[in-house]
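# Breakdown of the fold
One letter stands for each residue in the lines below.
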Amino acid sequence: MGEPIRAEESTTEDLGWALGVLLRAYRDRVGPALSDIPHGMRGYQTLAEVIRGQQPSQLALANRLGIDRTVMTYLIDDLVEAGLVERRPNPVDRRQRQIVATPRGRETVATLCRRVTEAENAVLGALDEQERAVFRRLLHTAAAGRPEADRSGDPCEVVDAADR
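Report on the accompanying structure.

Here is what the cut-offs are and how they apply
- Residues numbered from 1 in each chain as written.
- Predicted model: local features only at pLDDT ≥ 70, side-chain atom pairs only at ≥ 80, totals over all residues.
- Heavy atoms only, no water.
- Helix = DSSP H or I, 4+ residues; strand = E, 2+ residues; numbered from the N terminus.
- Buried < 20%, exposed > 50% of the residue type's maximum accessible area, 1.4 Å probe, protein only.
- Contact = heavy atoms within 4.5 Å.
- Expected span 1.5 Å × (residues − 1).
- Polar contact = N/O pair within 3.5 Å; in protein donor to acceptor, adjacent residues only side chain to side chain.
- Core = buried A, V, L, I, M, F, W, Y, C linked by side-chain atoms within 4.5 Å.
- Patch = residues over 30% accessible without salt bridge, like charges linked within 9 Å, V, L, I, M, F, W, Y side chains within 5 Å.
- Areas by Shrake-Rupley, 256 points an atom, 1.4 Å probe, with all protein chains shown as cover.
- Salt bridge = Lys/Arg side-chain N within 4 Å of Asp/Glu carboxyl O.
- Axes fitted to C-alpha atoms, helices over the stretch in contact; angles between N-to-C directions.
- Parallel < 35°, antiparallel > 145°, perpendicular 65-115°, else oblique.
- Left-handed = near helix turned anticlockwise from the far one by under 90°.
- Nonpolar A, V, L, I, M, F, W, Y, C, P; charged D, E, K, R; others polar.

Let's shift gears to the environment of Thr73. Among the structural elements, Thr73 can be located in helix H5 (residues 69-81). Judged by relative accessible area, Thr73 falls into the partly exposed class, the value being 31%. A C-alpha to C-alpha distance of 8.9 Å links Thr73 and Leu59, two positions 14 residues apart in sequence. Once residues lying within four places of it in the same chain are set aside, the contact partners of Thr73 are Gln58 and Arg87.

What follows deals with helix H7 (residues 129-144). When the terminal C-alpha atoms of H7 are compared, their 22 Å separation across 16 residues agrees well with the 22 Å that a helix rising 1.5 Å per residue should span. With 1 of its 16 residues buried, H7 lies for the most part at the surface. Sitting at the amino-terminal end of H7 is Asp128, which places a side-chain oxygen 3.1 Å from the backbone nitrogen of Gln130.

Turning our attention to the nonpolar core. Among the nonpolar cores identified, the biggest contains 23 residues, and Leu34, Ile37, Tyr44, Leu47, Ile76, Leu79 and Val85 are the most heavily contacted of them. Broken down by secondary-structure element, the contributors of at least two residues to this core are helix H3 (40-52), helix H4 (58-65), H5, strand E2 (97-101) and helix H6 (103-123).

A surface patch of nonpolar side chains, about 310 Å² in accessible area, is lined by Leu15, Leu19 and Leu23. With respect to the helices, strands and loops of the structure, Leu23 is situated in helix H2 (residues 15-33).

Relative to each other, H4 and H5 sit at 110°, their axes nearing to 9 Å. The angle between H4 and H5 places the two elements in the roughly perpendicular class. Relative to H5, the crossing made by H4 is right-handed. Residue-level inspection shows Gln58, Leu59, Leu61, Ala62 and Leu65 of H4 in contact with H5, the latter providing Arg69, Met72, Thr73 and Ile76. Residues that form the contact of H4 with H5 fall into these classes: 6 nonpolar, 2 polar and 1 charged.

In this section: the packing of H3 against H5. Where H3 meets H5, the closest approach of the two axes is 11 Å, and the angle between their N-to-C directions is 80°. Of the possible angle classes, the one that applies to H3 and H5 is roughly perpendicular. Across the interface between the two elements, Arg42, Gly43 and Thr46 from H3 touch Val71, Met72, Leu75, Ile76 and Leu79 from H5.

Take a look at the structure:
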C-alpha cells in the first residue's frame, strides 16, 4: 500500500478537482460572453464546428458534438432563425441536409472568438502568457489523444483565414 495523501497535497495533486474548478470558472466566464447567441455555449460550439466545415450532415454534426439529434434539430432551427446558418442539400448525398454558416454567422463567430479569448485568459489568469500557451498546447495534446476528439482546427483561426 502506498503512502496516504496529506491534506495539503490533496488539492494540488487532484486532477479531477483542478479540472472541476477550471470548468466551473470557464462556464461562469464564457457563458455570459456567449449570451447573444441562441443556446449560448452549445450554439457557439455548433456554429464554430459548422465553420470548420468538416461535418457532412446535421446528424454528423450532432454526433461530433455529442448532442442528441433531436436537440440538434431545435438548435439548428434557432441558428437558422437567427440568420447564422442555412440548411442546404448535400451535393454528395441529396438525402442529407448540410449546415452552412452564413456571412452573418462567420462575423458572429469572429466577434465571439474575441470575447471567448478574453474570458479564457481571465480563467487562466494565474498563469502568465507563456504558461497559458503551454497549458493550452498540453491540454489540446491530451484531448487529441482521445478517440472522440477528432478536431479540425480552431474556429477563430478558420474565421481569420477566411477573412484574409
